[in-house]
Amino acid sequence: MSDAEAQPPQPPTPHMHEDPHENAYLAHHFDTPQQQFESGKLGMWMFLATEVLLFSGLFCVYAVYRASHPEVFEWAHRFLNVTLGGINTMVLITSSLAMAWAVRAAQLGQQRLLAICLSLTLLGGFSFLGIKYIEYKNKWEEGLLWAGKYKPTAEALEHLNATGHGEAAELGVATTDASSAAGHGGAVASAPAAAVTASAPAPVVIDGVKVEHSQIAPAPPGPQGMRLVERAGLLHLMPERAPRELWIFFSIYFLMTGLHALHVIAGLGAISWVLARSLKGQFGPAYYTPVDLVGLYWHLVDVVWIFLFPLLYLIH
Amino acid sequence: MAESSAAVRGGAGVEYPTDNYLTHTQGLRSWLFTLDHKRIGVMYLVSVLASFFLGGVLALLIRTELLTPRQTIMGADTYNIIFTLHGAIMIFLFIIPGTPGSLGNFVLPMMLGAKDVAFPRLNLASYYMWVIGAIFALVAIVMGGVDTGWTFYTPYSTTTNTAVIPVVLGIFIIGFSSIFTGINFIVTIHKLRAPGMGWFQMPLMLWGLYATSIIQVLATPVLGITLLLLIAERVLQVGIFSPAYGGDPVLFQHFFWFYSHPAVYIMILPAMGIISEVIPVFSHKHIFGYKAIAYSSIAIAVISFLVWGHHMFVSGMSNMASAIFSALTFAVAIPSAVKVFNWVATMYKGSISLATPMCYALGFLFLFAIGGLTGLFLGSLAVDVHLTDTYFIVAHFHYVMFGGAVMALMAGIHYWWPKITGRMYNERLGQIACLLIFIGFNATFFPQFVAGSQGMPRRYFNYPERFTDYNVFSTIGSYLLGLGFLLVAAYLIHSLFRGRPAPANPWGGATLEWSTPSPPPPENFEEEPVLGDHYDPYDYRGLVYDPRIGGYVQQHPH
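Residues numbered from 1 in each chain as written. Chains lettered and ligands numbered in written order. Predicted model: local features only at pLDDT ≥ 70, side-chain atom pairs only at ≥ 80, totals over all residues. Heavy atoms only, no water.

**Q** So what about the overall build of chain A? Which residues, and what values?
**A** Along chain A, the regular secondary structure elements total 8 helices and 4 strands. Secondary structure elements in chain A, listed N-terminal to C-terminal, are α-α-α-α-α-α-β-β-β-β-α-α. Residue pairs in contact within chain A that sit at least 24 positions apart in sequence constitute 69% of those at least 6 positions apart. Total accessible area computed for chain A in this model is approximately 15500 Å², and 64% of it derives from carbon and sulfur atoms. (Helix = DSSP H or I, 4+ residues; strand = E, 2+ residues; numbered from the N terminus. Contact = heavy atoms within 4.5 Å. Areas by Shrake-Rupley, 256 points an atom, 1.4 Å probe, with all protein chains shown as cover.)

Encoded structure:
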C-alpha cells in the first residue's frame, strides 16, 4: 500500500464518483450513465422474461386441465364475481397509467407530479388487493376452495346445482328430450331450440353474422346425466349437475391469482421504495432508472392480470 | 511437455504483487460484503467445492453399500436417503452453480476487459441465495433427509413423510441464485465488452457462458413454479399433481424435465467453454472453427429446450410425441459433435504441452465422447425401453456430468489457479492426480454400462448375485477416484502457502485475463485494456516464453 498516495485506495465496493460534475449515481465499473441505464434496462427485461416463464407454468396447468375437464371450467367460473373482477381490471389498468405518467414526470423532473403519480399507483395496487380480499373472503365463506379444502357449504352446494340450471336456461338452453325448452333473452333466444327441432330452421343473426342451423338431425341423447346446451349458436354437452371435480378450477384460480397477488405485493414494496426516494428528490432527467424499471415491473403485473381475468372470469 | 515444466521451474523471477484483489482490503467483513466479482468467484469456488466434497463422501457411502449384493453398511431406507442427497447436492449445489458461479464469475469480466459484472450487488445476492438454499438442504438432512430421488417425482414426493419441503424450498431459492447469475452474465456480455471487442472477438468461454445464461434465465423459472406447485401440493393439496384429487403426476414429469433437461446443458456448456480455452492454449495453435464452436453453443441452448420428453419414453406419451422427441435428441448431438471435431482439429499439428489442465481436457474429450454417444443409445426409443432405470443410465450421465462437466471444471481450476491465487501448484503431482482420477473414473463407471445393459436396476441397495463382480470393480474404482481428489486437494492447498509466485501469463494464453498480474489488481487491469483493430483471443504469435519469469511475455504488439 506504499503507493496509496499516487493511486488513491479504491475500496472494492462500487463507490460514487467524487467529481460533482459527473453523475452521482454512476457506478465505478460503467463508463457512461447511458451504458449504466441500458444495462439496467436490459437486466430488467431479462428479469421480466423469467417472471413470464414463472407464470407460464401455471398457464400450462390451466391449458392442460381446461382441455381435459372443460365442463369443470364452464361450470365453476360462474361462481367468480365478474363485477369485482372487472372493477379490479380497471383499477390495475388505471394504476399502470399512473405509473407510466410517473416515469414521464421523472424524466421531465416534475417532482410533485412524480410523487402524486406514484401515490396514485400505490392506491391502485392497494385497492386491487382490497377487492381481491373481498373475493377471497366470499369464496372462503362458501367453502369454494382448492382441492384439499374444497368443502362447499350447504347453501353453496344448493346454489352450485341450481345455478347450473338457472344460468344455462337464461343463456338459452335446449335439452335433448324437451325441445320446447324455453329460451328467452339475448340473440340466441330469437330462434329457440331451433338446432334440435330441425324443422325448417330459419337463419339467425348473431352480432351481425348470419348463422344457419345445420339440417342434419340432432344426435341421439348423450350419456345419462348430460344434456345439450346451445350457446352462441354452438351445442355443448353439459352435465346435469355440478361436476364432481369442481375443485380443480378453484385450485387453479387460487394458485394463479395468489401468485399474482404476491407479485402485486412485491410491486407495492418496490413502488413505495421509489416513492420514498422521489420524495428526497433523487430522480430527475439525469437519473430516473429505478422509476423506469419499477414501472416496467408494474406493467408486467398488470399484463398478467389482463390475461388472468378473461381466462378465469369470462369463460364463454 | 518440456515447455510447461520449464514454466514451473523457472518461476523464481516473479514477485507476488503486494496490492491485489486478495490483499487490497482485509478482514472477514471485506469478504462477506465484497462486490468484487473475483472475490465472489472465490467464495463460490470454496462453497461449491465443499458441496462437491459432501456429495463425494455420500457417493463413496453408496459405493460401499453396493460392495456386496446384500446389506453392507446401511439399510434400504438409509440408502434411499443417501442416494437422493448425493444426487440433489451434486446437481443443485455443485454442478449447476459450479462453473458459472466460480470460474465464470472470476474470468468473465476480465476476458471482456471490464472492471466488474454489470450488477455487482446482484452478484453478491446470487451467492447468498446459494448459501440460503444450501442451509435449507442441510436443515433437511438434519430433519432426517429425503428419499424421493433428486427428481422428486410425484406422487411419491407428495406422500412420503421425509423432509421434502425444506429441500424443495432450498432448490427454489438456489434457482434465484442461478437466475441472478444468468441475468448478470448476459447483460455484462452485451454491455461491458471492452471497446473494440466484437461478438466474434470474444473468447469462446464467453460464448459458452452466454449460452448457459440463456438457459438459466429461461428454464429456471419453470423449475421454480414446478417446485412451488409441489410445495403447494404437499401443504394445501391443490390436486395439480396428486392423483388423489384428480391431478396428473406425469404433468410433474413434463414440468420437471422442461427445466432439468436444459439444466444438463447449464452444466456442460461452461465446461465446453473451458475446453475451448485450454485446448488452443496448450496446443499453442489458433482455435479451429471459432464460429462453428460459438454458434454450436447457441444451437445447443436452443435445442436443449425441445428434448425433455426423452426422459419420459416409458411414462406414457403418444408414439408420435416419442418419435419427435427421439429425433430432436439426435439433433442435439450434432452441435456437440461439431465442438469435439473442432477441438481435435485444433490439436492437429499443434505443439501440445501436456500440462495438468491439458491432461484434464484430453480426459474430457475421451469421456465426453463416450457419455455423448451412449446418450444416443438412450435417445432411440426401442433401446431406451430396455435400458430405462438401469445402471446404463447411471453410467451415461456420470460420463457426461462427471467425465464432462467435472473434468472440465478441474481443467479450468488448474488453468486459472495461478491467476486466482497467484501461486503455481506442483505440476508433476497435478499430472499424477489427473491420471488417478481418469483411471478411477473409468473403473467406477464403465462396469456400470455393462451391468446396466444386462439389466441391473438403479436405485436399489442390493442386487442379484451375478452383478457382484461389476459392483466390486466399480467400488474399488470409486476409492481410487476419491484418492485422486484428495491428492488434488493436498497439492492445491499446499500451493497456497508454499507455491511459487505465478507470472502474469504462465501458459501463454492470449485472452485478456493473462495480460494482468497474477493475482489481478482490485479493478482487474492496471490500465484499461485497449484492443487493436484485429484483436484475436487465439492469436499466439508474439507470445514468447521467458525462462527468467517462468511465463510468457508479449514480444511485439501485433
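There is more to say after this.
**Q** Go over the nonpolar core, please, and point to the residues and values.
**A** Counting residues in each nonpolar core, the largest one holds 259 residues, and the members touching the most others are Phe249(A), Phe92(B), Ile240(B), Trp343(B), Phe364(B) and Trp416(B). Leaving out residues up to four positions away in the same chain, Phe364(B) has contacts with Ile268(B), Ala271(B), Met272(B), Ile275(B), Trp343(B), Ala369(B), Gly403(B), Gly404(B), Met407(B) and Ala408(B). (Core = buried A, V, L, I, M, F, W, Y, C linked by side-chain atoms within 4.5 Å. Buried < 20%, exposed > 50% of the residue type's maximum accessible area, 1.4 Å probe, protein only.)

**Q** Describe the interface of chain B and chain A, with residues and values.
**A** The interface is formed by 43 residues belonging to chain B together with 40 residues belonging to chain A. Taken together, the two surfaces of chain B and chain A that pack against each other cover about 3500 Å², and 71% of this comes from carbon and sulfur. Across the contact surface, chain B and chain A share 1 salt bridge. Between Glu38(A) and Lys191(B) there is a salt bridge, with the nearest N and O atoms lying 3.3 Å from each other. Applying the counting criterion to the chain B and chain A interface returns 12 residue pairs in polar contact (both at pLDDT 80 or more). With 10 residues, the single largest contributor to the side of chain B that touches chain A is helix 8 (residues 204-236) of chain B. (Buried area = accessible area lost by both parts, 1.4 Å probe. Salt bridge = Lys/Arg side-chain N within 4 Å of Asp/Glu carboxyl O. Polar contact = N/O pair within 3.5 Å; in protein donor to acceptor, adjacent residues only side chain to side chain.)

**Q** Break down the environment of His28(A) for me, citing the residues and quoting the values.
**A** If you trace the backbone, His28(A) turns up in the segment before helix 1 (33-68). Classification of His28(A) as buried rests on a relative accessible area of 6%. One polar contact links His28(A) to Glu523(B), side chain to side chain, over a distance of 2.4 Å.

**Q** Explain unusual backbone geometry to me, and be specific about the residues and the numbers.
**A** Residues and elements named next belong to chain B. Omega for the bond connecting Thr 154 with Pro 155 falls within 30 degrees of zero, at 0 degrees, which places this linkage in the cis form. Of note, Pro 155 is situated in the loop between helix 5 (120-142) and helix 6 (156-159). Of note in the backbone geometry, Phe 152 takes a positive phi value of approximately 55 degrees without being a glycine. Of note, Phe 152 is situated in the loop between helix 5 and helix 6. The exposure class assigned to Phe 152 is buried, which follows from its relative accessible area of 1%.

**Q** Which residues make up the pattern of salt bridges, and what are the values?
**A** Close approach of charged atoms allows side chains with opposite charge to pair. Residue and element names in this part refer to chain B. Enumeration over the complete set of coordinates arrives at 9 salt bridges over all chains. One salt bridge in this structure joins Arg 548 and Asp 546, with 3.1 Å as the shortest N-O distance. Arg 548 gets classed as exposed once you look at its relative accessible area, which sits at 65%.

**Q** Break down the environment of Ser336(B) for me, with residues and values.
**A** Residue and element names in this part refer to chain B. One can find Ser 336 in helix 11 (residues 319-347). Separated by 33 residues in sequence, Ser 336 and Ala 369 place their C-alpha atoms 9.3 Å apart. The contact partners of Ser 336, leaving out residues within four places of it in the chain, are Met 272, Ile 300 and Phe 368.

**Q** Lay out the pairing of strand 2 (residues 551-554) of chain B with the relevant residues and their values.
**A** All names here are of chain B. Note that strand 1 (residues 543-546) and strand 2 share 4 bridges and pair antiparallel. Directly across from Tyr 545, in strand 2, lies its bridge partner Tyr 552. In this structure, the hairpin formed by strand 1 and strand 2 is closed by a connection of 4 residues, where Gly 550 is found at a positive phi of approximately 75 degrees. (Pairing = 2+ DSSP bridges.)

**Q** Explain the packing of aromatic side chains to me, and be specific about the residues and the numbers.
**A** All names here are of chain B. Under the counting rule described, the total for this entry stands at 62 aromatic pairs over all chains. Each ring, one from Tyr 21 and one from Phe 106, has its centre 5.6 Å from the other, and the planes form 65 degrees; the classification is edge-to-face. Of the two residues, Tyr 21 sits in the loop between helix 1 (2-9) and helix 2 (28-32) while Phe 106 sits in helix 4 (residues 76-112), which places them 85 residues apart along the sequence. Look at Tyr 21 and you get buried, because its relative accessible area is 1%. Each ring, one from Trp 343 and one from Phe 364, has its centre 5.7 Å from the other, and the planes form 75 degrees; the classification is edge-to-face. Of this pair, Trp 343 sits in helix 11 while Phe 364 sits in helix 12 (residues 356-379), placing them 21 residues apart in sequence. As far as burial versus exposure is concerned, Trp 343 and Phe 364 are alike and both buried. Ring-pair connections join several aromatic residues into one group, and the members of that group are Phe 52, Phe 94, Phe 377, Phe 392, Tyr 399, Phe 402, Phe 441, Phe 445, Phe 446, Phe 449 and Phe 485. Geometry around Trp 31 places Arg 39 over its ring, the cationic atom sitting 4.3 Å from the centre. (Phe/Tyr/Trp six-rings, centres within 6.5 Å; stacked < 30°, edge-to-face > 60°. Lys NZ or Arg CZ within 6 Å of the ring centre and 35° of its normal.)

**Q** Tell me about the state of the cysteines, residues and numbers included.
**A** All names here are of chain B. Under the defined criterion, the tally for this structure stands at 0 disulfides over all chains. Cys 434 takes part in no disulfide bond, and the closest cysteine sulfur to it belongs to Cys 359, at a distance of 4.9 Å. Owing to a relative accessible area of 5%, Cys 434 belongs among the buried residues under this scheme. (Disulfide = S-S within 2.5 Å.)

**Q** Can you break down a nonpolar patch on the surface residue by residue, with the values?
**A** All names here are of chain B. There is a patch of nonpolar side chains on the surface, built from Phe 53, Val 57, Leu 61, Ile 73, Leu 483 and Leu 486 and spanning about 550 Å² of accessible area. Among the secondary structure elements, those contributing two or more residues to the nonpolar patch are helix 3 (37-65) and helix 16 (468-498). Residue contributions to the nonpolar patch peak at 3 residues, all from helix 3. Tracing the chain through its elements places Leu 483 in helix 16. Judged by relative accessible area, Leu 483 falls into the partly exposed class, the value being 48%. (Patch = residues over 30% accessible without salt bridge, like charges linked within 9 Å, V, L, I, M, F, W, Y side chains within 5 Å.)

**Q** Lay out the confidence of the model for chain B in plain terms, naming residues and giving numbers.
**A** Residue and element names in this part refer to chain B. Per-residue confidence for chain B averages 92 on the pLDDT scale, and 97% of its residues sit at or above 70. When pLDDT is averaged over each element of chain B, helix 15 (residues 427-453) comes out on top at 97 and helix 1 at the bottom at 38. Contacts for the low-pLDDT stretch residues 1-11, under 50 throughout, to residues beyond four places or in other chains number 26 contacts. (pLDDT = per-residue confidence, 0-100.)

**Q** Residues and numbers for the packing of helix 7 (residues 247-279) of chain A against helix 8 (residues 289-313) of chain A, please.
**A** All names here are of chain A. At a minimum axis separation of 10 Å, helix 7 and helix 8 run at an interaxial angle of 160 degrees. With respect to helix 8, the axis of helix 7 lies roughly antiparallel. Read as a crossing pair, helix 7 and helix 8 show a hand that is left-handed. (Axes fitted to C-alpha atoms, helices over the stretch in contact; angles between N-to-C directions. Parallel < 35°, antiparallel > 145°, perpendicular 65-115°, else oblique. Left-handed = near helix turned anticlockwise from the far one by under 90°.)

**Q** So what's going on with the packing of helix 4 of chain B against helix 9 (residues 249-283) of chain B? Residues and values would help.
**A** Axes are the key here: two packed helices are described by the angle between their axes and the distance separating the axes. Residue and element names in this part refer to chain B. Here helix 4 crosses helix 9 at 40 degrees, and the two axes come no closer than 10 Å. The orientation of helix 4 relative to helix 9 falls into the category oblique. Note that helix 4 runs across helix 9; the crossing there is left-handed. Side by side, helix 4 and helix 9 meet where Ile 91, Phe 92, Ile 95, Ile 96, Thr 99, Pro 100, Leu 103 and Met 111 of the first sit next to Tyr 259, Ala 263, Ile 266, Met 267, Pro 270, Ile 274 and Glu 277 of the second. The residue makeup of the contact of helix 4 with helix 9, split by class, is 13 nonpolar, 1 polar and 1 charged. (Nonpolar A, V, L, I, M, F, W, Y, C, P; charged D, E, K, R; others polar.)

**Q** Before we move on, can you summarise the environment of Gly170(B) with the specific residues and values?
**A** Residue and element names in this part refer to chain B. Positionally, Gly 170 belongs in helix 7 (residues 164-191). Given the relative accessible area of 1%, Gly 170 is considered buried. Between the alpha carbons of Gly 170 and Ala 137 there is a distance of 5.8 Å; along the sequence they are 33 residues apart. In contact with Gly 170, not counting residues within four places along its chain, are Gly 133 and Phe 136.

**Q** Describe in detail helix 3 (residues 82-108) of chain A, supporting the description with residues and values.
**A** Spanning 27 residues, helix 3 of chain A covers 39 Å between terminal C-alpha atoms, matching the ideal 39 Å at 1.5 Å per step. One or two positions beyond helix 3 of chain A, positive phi appears at Gly109(A), with a value near 75 degrees. (Expected span 1.5 Å × (residues − 1).)

**Q** Give a description of the confidence of the model for chain A that names residues and reports values.
**A** Residues and elements named next belong to chain A. Across chain A, the average pLDDT comes to 78, with 71% of residues at or above 70. Scored below 50 in pLDDT, residues 1-21 makes 28 contacts in the model with residues more than four places away or belonging to other chains. Segment residues 165-198 is flagged for pLDDT under 50; beyond a separation of four residues in sequence, or across chains, it makes 49 contacts in the model.

**Q** Any chance you could break down the side chain of His77(A) for me, citing the residues and the numbers?
**A** Within the element layout of this structure, His77(A) appears in the loop between helix 2 (70-76) and helix 3. With sequence-adjacent residues up to four places away left out, His77(A) is seen in contact with Phe249(A), Leu312(A), Tyr313(A) and Ile315(A).

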